[in-house]
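Observations on the model geometry
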Amino acid sequence: MTLIDQLPTPCLIIDQARLEANLSAMQAGATGVRLRPHTKTHKMIALARRQEEMGAQGITVAKASEAAVFVEAGFRDVRIAYTVVGRQKLDQLVQLARQSRVSFCADTAEGARAASERLAAQGVTLDLLLEIDAGYGRCGIPWDSPDLIGLAQAIAALPGLNLCGILTHEGNAYTLGLDNIRRVMEETRDRMLTVAHKLHKAGLCTPDAFEISIGSTPSAHVFENRTAHGFRITEVRPGNYVFHDMTQVAIGVCGLQQCALTVLTTVTSKHRTGAGTEKFFLDAGRKVLTGDLAPGRPGYGCLLYNARARVGHPHARVTNLSEEHGWGQVRGGTTFAVGDRVQVVPNHACVVINTQNEAFVVDNDRIADVWTVDARGRVT
């Protein structure tokens, strides 16, 4: 039996009980709507299979090459929540469409035409969702744009494409406080239902055969559906909920107790300073913990005093990062000794996962499994 203390550092630890609780809670909360989890958080075939076993209907990915990993593993409904542009990526979709239902996004006439030309030339028709900007300000045609209907009509007329729905990502739900998150969720939901109604009036869709997809972990935690003009949100696409992280803690979505992913790291050095503090250094730097910060919280993750109980260290902070070093500081003096192992809850779990080839699933201090990060490092 392998124990945590026998693992090399730095490495990723997934607490099995916390993971299962997170999966169960999100699945139970997805009432009256399909849960299509975004696998960009974990990129693991084993975990995606567990999500489907618990009731998820299809999965979401960010890239055509990530879709290939999951299609080849047997997943049969894969949605690329991204505008797919480029001949190489479109050719990948053609190949994948012969094995699975693969859908993707467009938000411009130019992108849709390029996809149509490539797909139609090879005798393939794929489901496409028109990406909507419902307020976040990233990709997507604005939900209230006067060009919306014209763009949808142009896409619907193109060969090789089946306009099956609309999709958005409400990244603006990453805001402080559940009341604000709920407001963004409701605003996003209602704007997407308004878009669907406009498309219906233009003869482009019907309520019984049109997908309306929204997605973010904060908004999924407070999601409530409603019917407007016969339309309802049909699916939600949260990703981070499987692990949670210090960003979710900071904005009020969860507590430290729900954070299932930690970085196991070793204290490699420590020194007294002249300012009444002690510096310590970890073997996990920017290449593992990443440079992302959590809103309103100091430091690069939460260093745990008691990892099993998820109790944060009251005085220690990871204050800086270089490539291979985490720089820490403790007021007064630290109880850490050189060679001690500590765990850090990262600020952004999705980025941390993409730094490693594998993660260790633990049951208390015992290694229960090792999961490969199968879709990491994909380019196209």
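Quick summary incoming for the structure in this document.

**Brief notes about the pairing of strand β9 (residues 211-214)**
Neither face of β9 is open: one carries E211 and S213, the other I212 and I214, and all of them are buried. As paired elements, strand β8 (residues 161-167) and β9 share 3 bridges and run parallel to each other. When the sheet's bridge partners are listed, I166 is paired in β9 with I212. Across 2 bridges, the pairing between β9 and strand β10 (residues 235-236) is parallel. Counted as the bridge partner of I214 is V236 from β10.

**Observations regarding empty space enclosed by the protein**
For the coordinates displayed, the defined rule picks out 1 cavity of 30 Å³ or more. Here the largest cavity defines a volume of roughly 60 Å³. Forming the boundary of the largest cavity are E131, I132, D133, A134, Y136, G137, R138, C139, T168 and H169. The residue makeup of the lining of the largest cavity, split by class, is 4 nonpolar, 3 polar and 3 charged.

**Some words on the nonpolar core**
Residues F104, L130, I166 and F243 are the most contacted members of the largest nonpolar core, which totals 98 residues. The element that contributes the greatest number of residues to this core is helix α7 (residues 178-201), accounting for 7 residues. Not counting the four nearest positions on each side in its chain, I166 is found in contact with L129, L130, I132, M192, V195, A196, L199, F210, E211, I212 and S213. Residues V249, C254, C302 and V345 belong to the second largest nonpolar core, which totals 10 residues.

**Here's the deal with helix α3 (residues 64-72)**
In terms of burial, α3 is a largely internal element, 8 of the 9 residues being buried. One or two steps after α3, the chain reaches G74, where phi turns positive at roughly 105°.

**Concerning the side chain of T39**
In this fold, T39 is placed in the loop between β2 (34-35) and α2 (45-53). Under the relative-accessibility criterion, T39 is labelled buried at 1%. Excluding residues that lie within four positions of it along the chain, T39 makes contacts with A48, Q51, I59, T60, V61 and F70.

**So, unusual backbone geometry**
Cis peptide bonds are those with omega within 30 degrees of zero, and the linkage from T9 to P10 qualifies with 0°. Note that P10 resides in the segment before β1 (11-15). Positive phi values are uncommon outside glycine, yet K43 reaches one of about 55°. Assignment of secondary structure puts K43 in the loop between β2 and α2. Located in the positive-phi region is H244, a residue other than glycine, with phi close to 60°. What makes H244 buried here is its relative accessible area of 2%.

**With respect to the pairing of strand β15 (residues 317-321)**
As paired strands, β15 and strand β16 (residues 326-331) are joined by 4 bridges and run antiparallel to one another. Note that in β16 the partner of V318 across the bridge is G328.

How each quantity is defined
Residues numbered from 1 in each chain as written. Predicted model: local features only at pLDDT ≥ 70, side-chain atom pairs only at ≥ 80, totals over all residues. Heavy atoms only, no water. Buried < 20%, exposed > 50% of the residue type's maximum accessible area, 1.4 Å probe, protein only. Helix = DSSP H or I, 4+ residues; strand = E, 2+ residues; numbered from the N terminus. Pairing = 2+ DSSP bridges. 1 Å grid on protein atoms, 1.4 Å probe; cavity = no way out; pocket = protein on both sides within 12 Å on 5 of 7 lines; lining within 4 Å. Points joined across faces, edges and corners; volume = space filled by probe spheres on them. Nonpolar A, V, L, I, M, F, W, Y, C, P; charged D, E, K, R; others polar. Core = buried A, V, L, I, M, F, W, Y, C linked by side-chain atoms within 4.5 Å. Contact = heavy atoms within 4.5 Å.

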